[in-house]
Amino acid sequence: MPKKIELPITESAIRELRIGDEVEISGLMVTGRDAAHKHLVKTFDETFHELAKDRFLYHCGPVVQRDGSGEWRFVAAGPTTSIREEPYEAEVIERYGIRGVIGKGGMGKRTLDAMQKYGCVYLHAIGGLAVVLAQCVVKVHGVHMLDPLGVPEAMWSIEVKDFPAVVTMDAHGGSLHETIFASSREAALRLMEKGIEAPPRSAAAK
Amino acid sequence: MASVRPLVLELIRHTSSGLPEDVLDALARARDREEPGSRAYSTFERMIQNVEAAREASAPICQDTGTLIFYVDYGPDYSPHQLERDIVGAVRDATKKAYLRPNAVDSITGENSGDNVGVGSPYIHFHPRRTKGLRIRLMMKGGGCENVGAQYSLPDTSIGAGRDLDGVRRCIIDAVQKAQGYGCAPGTIGVGVGGDRVTSYMESKEQLFRRIDDKNPDPTLAALEEELTESLQQLGIGPMGFGGKTTVLGVKIGARHRVPASFFVSVSYMCWAYRRGELEIKGDKVYLSGRRMIPAEPRRRTAASTTAARTAKKAAARATKKSARVGSSTKKSKGAAANKAKGTAAAKKAKSTAAAKKAAAKSATKKSTAAKKGAAKTRLKAAPIPSRRASATKLPVL
Ligand code: SF4
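Residues numbered from 1 in each chain as written. Chains lettered and ligands numbered in written order. Predicted model: local features only at pLDDT ≥ 70, side-chain atom pairs only at ≥ 80, totals over all residues. Heavy atoms only, no water.

Quick notes on the overall build of chain A
Argument step 1. Of regular secondary structure, chain A possesses 8 helices and 9 strands.
Argument step 2. Looking at chain A as a whole, 55% of its 206 residues are labelled buried.
Argument step 3. Across chain A, contacts joining residues at least 24 apart in sequence account for 65% of those joining residues at least 6 apart.
Argument step 4. Counting only carbon and sulfur atoms, one obtains 53% of the accessible surface of chain A, whose full area is about 8900 Å². (Helix = DSSP H or I, 4+ residues; strand = E, 2+ residues; numbered from the N terminus. Buried < 20%, exposed > 50% of the residue type's maximum accessible area, 1.4 Å probe, protein only. Contact = heavy atoms within 4.5 Å. Areas by Shrake-Rupley, 256 points an atom, 1.4 Å probe, with all protein chains shown as cover.)

Right, here's the structure in full:
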């Protein structure tokens, strides 16, 4: 059964999460991808710090619509591949006090170490879940640096309700990606060794 | 011929906002294999929910609407040049209506064309055929899963793969293990054995046009597909790589002749958002992924159902003949024959219920078709295909 997470969240609550935990996230969080990360390590961004401290950073390039009354709405809000932010993420976690990173595909060793040190987790969203995840974004509170960065790259402050994800890297150095890679490699080698009977097709041997 | 642009637009909308029945069934079966309450179970559950929500909203099931791959089989009553214009036009329309995300990026300048049209995009294969009518198949291949595809050149000592079926099997196991959940697992695995580098990958993609629940007509490959579909689950990668009992939904293998010096094995990974659709025009009937489209846009005035049945029978006979003649394309032709047979049954069924509606609709549509034809022509002139920057010889002629 999924654990309910309310943002903001404390360091000790984050350290209670373990890899494999299923969660549902509610509260305010912020999006950011390539351009935002580059910007965040170049300067200390006060606004972002306020938006992201003790909350989650979501690797997402949303499709956003503005209705007649000027309200923004997320039309598609699936995760983007996180490993592209590997060169920046450790520093972003340290500087801005982020407690969680949401994305897909997992991240590398540097980020994992930073997560252990500062108390942060990686939450894997389900790729391809465009419609369901957009429905989880109940309100767009505002947008930071829309002008220079553009819609997909800007930092959107959004309120989510029961946003589903799985903890795949925890604050204890655990990584579900590493565990599953190792066990699946073993299984793959076993399968290869088992082999198949000689092919009945004579052509295959030529 | 009338413009098929609105029909192709509907094909794109339909394909982008849902999954074929066989894929949905496979996802539901995968869910039911897991413990209720486990993360694998709820992940599958959410995937299925997402498809339902997308269908309802006519919205793309995944924001990556992928590479558009069209396979067109056209009869003597169609012109490939006009079909190309219609398809490209429909792609533009679909992007405007947000059925598609603008996904065509100039590789040199990084600029997005904004309408999914560019050099080599969309990607259309034409196959002429002798029987009248038209079949357009569409696959939307996501970028994430395309990235985890792999091509092997045998022998490959790193995985102990020699130039035989056991070597082929090792490549498939290796590719699926290395893909982990990155291609939005569980995947359906298309495999091309033999050919050259291009046709080998092409075969692997063409395999993905097969239904998940079909059977390879080649008994050796059928056995390998079945064995791998079962044993690859032991990798335990599960949906999205979260761990679980289902790592692949199916494995589809095709083989081509090769030159003695080369032995390629190409693996294409299709994510769970496995979008493929089919538009078929037989006489004045239009089928969308096997279902009769009503109202159809009649192209001819003949008593349709009998003609369609006759055409289907002829096509089936032809397909069988062809399969005897060309050994390597056996499976495709047989599949086509089976499809045609199904189409006939459907046509018969549709006949009684649709007859009344059709009679009423016919006189009305006849006039409007003529008007539409005119309109289509002017629209077509306004939507030119972008000049192919590269010379024709540089484009792969597939
Ligand atoms: S791999 Fe498929 S499901 Fe995943 S993001 Fe790409 S298109 Fe969507």
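Picking up where we left off.
Thoughts on the pairing of strand β4 (residues 63-66) of chain A
Residue and element names in this part refer to chain A.
Argument step 1. Pairing analysis gives 4 bridges linking β4 to strand β5 (residues 72-76), with the strands arranged antiparallel. The residue bridging V64 from the neighbouring strand is F74, located in β5.
Argument step 2. Hairpin connection between β4 and β5: a loop of 5 residues separates the two successive antiparallel strands, and G70 in this loop has a positive phi of roughly 90°. (Pairing = 2+ DSSP bridges.)

A look at the packing of aromatic side chains
Argument step 1. The full count for this structure, using the stated rule, is 7 aromatic pairs over all chains.
Argument step 2. Seen from their ring centres, F48 of chain A and Y96 of chain A are 5.0 Å apart, and the 90° between their planes marks the pair as edge-to-face. Pair noted here: F48 of chain A is in helix α3 (residues 46-52) and Y96 of chain A is in helix α4 (residues 86-96), with a separation of 48 residues, a long-range link.
Argument step 3. A relative accessible area of 0% places F48 of chain A in the buried class.
Argument step 4. For Y96 of chain A, a relative accessible area of 0% puts it in the buried group.
Argument step 5. Between Y58 of chain A and F163 of chain A, the ring centres sit 5.2 Å apart and the planes meet at 75°, which makes this aromatic pair edge-to-face. Here Y58 of chain A, found in strand β3 (residues 56-58), pairs with F163 of chain A, found in strand β9 (residues 155-169); they are 105 residues apart in sequence, far enough to count as distant.
Argument step 6. Ring-pair connections join several aromatic residues into one group, and the members of that group are F44, F48 and Y96 of chain A.
Argument step 7. One residue, K282 of chain B, lies across the ring of Y287 of chain B, its end atom 5.3 Å from the ring centre. (Phe/Tyr/Trp six-rings, centres within 6.5 Å; stacked < 30°, edge-to-face > 60°. Lys NZ or Arg CZ within 6 Å of the ring centre and 35° of its normal.)

Side note on the sheet that holds strand β3 (residues 134-141) of chain B
Residues and elements named next belong to chain B.
Argument step 1. On the basis of which strands lie adjacent, the open sheet formed by 6 strands has the order β2-β1-β3-β8-β9-β10 and mixed pairing. Each edge of the open sheet is held by one strand with a lone partner, namely β2 (123-128) and β10 (291-292).
Argument step 2. Where strand β9 (residues 285-288) lies against β10, 2 bridges are found, and the strand directions are antiparallel. Along β10, the bridge assignment pairs Y287 with R292.
Argument step 3. Of the strands in this sheet, β1 (67-74), β2 and β3 are in contact with helix α4 (residues 80-96), which crosses β1 at around 150°. (Axes fitted to C-alpha atoms, helices over the stretch in contact; angles between N-to-C directions.)

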